[in-house]
Amino acid sequence: MNFTFQSKTKTFMGSKCIFNNKNEFLKLGKKALIVTGKSSGLKSGALIDVKKILSDNGIVYEIFDSIENNPSIENINDGKTIVKIFSPNFIIGIGGGSPLDAAKAIAVLATNDIEPIDLFDNVFLNKPLPVVAIPTTAGTGSEVTQYVILTRHDLKNKKSFGNEFTFPVIAFLDYNYTKSLNSELTIFTAMDAFSHSVEGYLGNRSTVICDFIALEAMKIFGECLQSLQNAVFNDVIREKLLYMSYLAGLVIIHTGTTSVHSIGYSLTYFKNIQHGQANGILLPEYLKINYEYATEKINKILVATGICSLDNFSTIIGKLLPTNVSLSKEEIELYASIAVEQRSISVNPRPLNKEDIKLILSKSLND
Ligand code: NAP
Ligand code: ZN
């Protein structure tokens, strides 16, 4: 048995966990830059709580609350300007995957004299500032991963970087901060976490310990499925979804993602389909096309989630993620040619060529 497993992020889970562990902030210094979205910090209640802790403990702070969804390198450059002038000791990211990824990118730029575009070289002279991550969605797992995914308008795509230094040092997981998410975003982000667990489990980089964690995440997804279908979320379900997202994050630290994410990026970039929704829409066809190559594992996914068949899964996804978007032949051609170049296509259980990707896209959106 061969595997490496590491989670570099000290993680606290539970209601009010930031108040119960406020000393963690004090250990990081006297000056903090808060990086958050336009509304998520406020709507979730996390920003008010963090501001109170910082003020009560004499930590000076500034807030950069202009992080876009799927942040672009231009957006990150604005953060670079602020961090260089303010010169904090640490960064606090509050929000969904977009602000958390942005916080990690800004932390690297704070200590290195490079341009945002150079982040993708993934080699930094100096260690980034420490990042505290407080998720307000339950989907990306970004609070514990090394990845930063940014929009590259020059490439009309999303690109990632991340290495052993870009993990947040601390994550606070409090499901109360996800209660202000509407049903749609709750479902979309849950699908992202589910997709991470499925892709991590089926991809060629899976390991015995990640499989164990991924199956647990899928089981929890199965326990939440009825609530997702009814669009009713009590505290127990909110907490389960956040835990699932965390577990799936632990998986992709080691396995990365596969073709669902590579193909989904074009749906987000060109069609403005939310990240988790894009992945969820593609998942049924991804499972079908891989079935022959990973039969035993895909059957285990069905058992773990309590879904009776892949056709049943397609029906569930059709109801959970209805979309009016359909794709022209030219769009399918373009998205497939972009996806086939992505590194993560090669870790797929079945080797996928451009024609396979075109098939996944047309069956997922046009059938
Ligand atoms: P998001 O883009 O961070 O946020 C989506 C929307 O939800 C935004 O409008 C946001 O508002 C709103 N929102 C967030 N929390 C809320 C709350 N508690 N109440 C009300 N509204 C709230 O969505 P996401 O799906 O969490 O993150 C997607 C990004 O993460 C993508 O860029 C994706 O590529 C990346 N990602 C990263 C990793 C990783 O490991 N690093 C993994 C998967 C995905 P605001 O606009 O005000 O923020
Ligand atoms: Zn994702």
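1. With respect to the nonpolar core
Part 1 of the reasoning: Membership of the largest hydrophobic core comes to 70 residues, with the highest contact counts inside it found for Leu228 and Leu361.
Part 2 of the reasoning: Built from parts of two domains, this core gets at least three residues from each of domain 1 (10-178) and domain 2 (183-365).
Part 3 of the reasoning: Not counting the four nearest positions on each side in its chain, Leu361 is found in contact with Ile263, Leu267, Leu282, Leu327, Ile332, Tyr335, Ala336 and Asn366.

2. Quick look at the coordination of the zinc ion (ligand 2)
Part 1 of the reasoning: On the protein side, the zinc ion (ligand 2) has Asp192 (OD), His196 (NE2), His261 (NE2) and His275 (NE2) as donor atoms, found 2.1 to 2.2 Å from it.
Part 2 of the reasoning: Between the four donor atoms coordinating the zinc ion (ligand 2), the angles at the centre fall across 87 to 171°, so the site counts as irregular.
Part 3 of the reasoning: Read in sequence order, the donor residues for the zinc ion (ligand 2) give the motif D-x3-H-x64-H-x13-H. With His196 in helix α7 (residues 183-202) and His275 in helix α11 (residues 275-290), the pair connects residues that are 79 residues apart, well separated along the chain.

3. A look at the sheet that holds strand β4 (residues 90-95)
Part 1 of the reasoning: Ordered in space as β1-β8-β5-β4-β2-β3, the six strands form an open sheet in which the pairing is parallel. Of all strands in the sheet, those with a lone pairing partner are β1 (10-13) and β3 (60-67), marking the two edges. This sheet shows a mean twist of 15° between the axes of neighbouring strands, independent of strand direction.
Part 2 of the reasoning: Here β1 runs beside strand β8 (residues 170-173); their pairing, made up of four bridges, is parallel. Along β8, the bridge assignment pairs Met13 with Leu173.
Part 3 of the reasoning: Sitting on the sheet, helix α9 (residues 235-255) touches β1, β5 (131-135) and β8, and the angle it makes with β1 is about 165°.

4. Some words on the domain arrangement of the chain
Part 1 of the reasoning: In terms of domains, the chain is made up of domain 1 (10-178) and domain 2 (183-365).
Part 2 of the reasoning: In this structure, domain 1 and domain 2 have C-alpha centres spaced 25 Å apart.
Part 3 of the reasoning: Contact residues are listed per partner, giving 28 residues for domain 1 and 26 residues for domain 2.
Part 4 of the reasoning: Approximately 2,300 Å² of surface area, both sides summed, lies buried where domain 1 meets domain 2, with 61% of it carried by carbon and sulfur atoms.
Part 5 of the reasoning: Across the domain 1-domain 2 interface, the total number found is zero salt bridges.
Part 6 of the reasoning: Put simply, domain 1 and domain 2 have eight residue pairs in polar contact (both at pLDDT 80 or more) between them.
Part 7 of the reasoning: For the side of domain 1 that touches domain 2, the secondary-structure elements that each account for two or more residues are β1, β6 (148-152) and β7 (157-161).
Part 8 of the reasoning: With four residues, the top contributor of residues to the side of domain 1 that touches domain 2 is β7.
Part 9 of the reasoning: Looking at the side of domain 1 that touches domain 2, its residues break down into nine nonpolar, 14 polar and five charged.

5. Digging into helix α4 (residues 46-56)
Given 3.6 residues to a turn, an α-helix orients residues that are three or four positions apart in the same direction.
Part 1 of the reasoning: For α4, the full list of buried residues reads Ala46, Leu47, Asp49, Val50, Ile53 and Leu54. Down the axis of α4, the smallest arc covering the buried residues is 165°, so these residues share one side. Opposite its buried face, α4 presents the exposed residues Ile48 and Asp56, each directed more than 90 degrees away.
Part 2 of the reasoning: Looking one or two residues beyond α4, the residue adopting positive phi is Gly58, at roughly 70°.

6. A look at the pairing of β5
Each regular strand shows side chains that alternate between the opposite faces of the sheet.
Part 1 of the reasoning: Counted residue by residue, β5 has five buried out of five residues, so it is predominantly covered.
Part 2 of the reasoning: Pairing of β4 with β5 involves five bridges; the strand directions are parallel. Counted as the bridge partner of Gly93 is Ala133 from β5.
Part 3 of the reasoning: Note that the unit made of β4, helix α6 (residues 97-111) and β5 has a crossover that is right-handed.
Part 4 of the reasoning: Judged from the two bridges that link them, β5 and β8 form a sheet pairing that is parallel. Residue pairing for β8: Ala133 is matched across the bridge by Ala171.

Conventions and cut-offs
Residues numbered from 1 in each chain as written. Chains lettered and ligands numbered in written order. Predicted model: local features only at pLDDT ≥ 70, side-chain atom pairs only at ≥ 80, totals over all residues. Heavy atoms only, no water. Core = buried A, V, L, I, M, F, W, Y, C linked by side-chain atoms within 4.5 Å. Buried < 20%, exposed > 50% of the residue type's maximum accessible area, 1.4 Å probe, protein only. Domains from an automatic or database assignment. Contact = heavy atoms within 4.5 Å. Donors = N, O, S within 2.8 Å, 3.2 Å for Na, K, Ca; no water. Tetrahedral: all angles 85-135°; square planar, octahedral: opposite > 155°, others 65-115°. Helix = DSSP H or I, 4+ residues; strand = E, 2+ residues; numbered from the N terminus. Pairing = 2+ DSSP bridges. Axes fitted to C-alpha atoms, helices over the stretch in contact; angles between N-to-C directions. Buried area = accessible area lost by both parts, 1.4 Å probe. Salt bridge = Lys/Arg side-chain N within 4 Å of Asp/Glu carboxyl O. Polar contact = N/O pair within 3.5 Å; in protein donor to acceptor, adjacent residues only side chain to side chain. Nonpolar A, V, L, I, M, F, W, Y, C, P; charged D, E, K, R; others polar. Arc of directions from axis to C-beta. Right-handed = clockwise from strand over helix to strand, strands pointing away.

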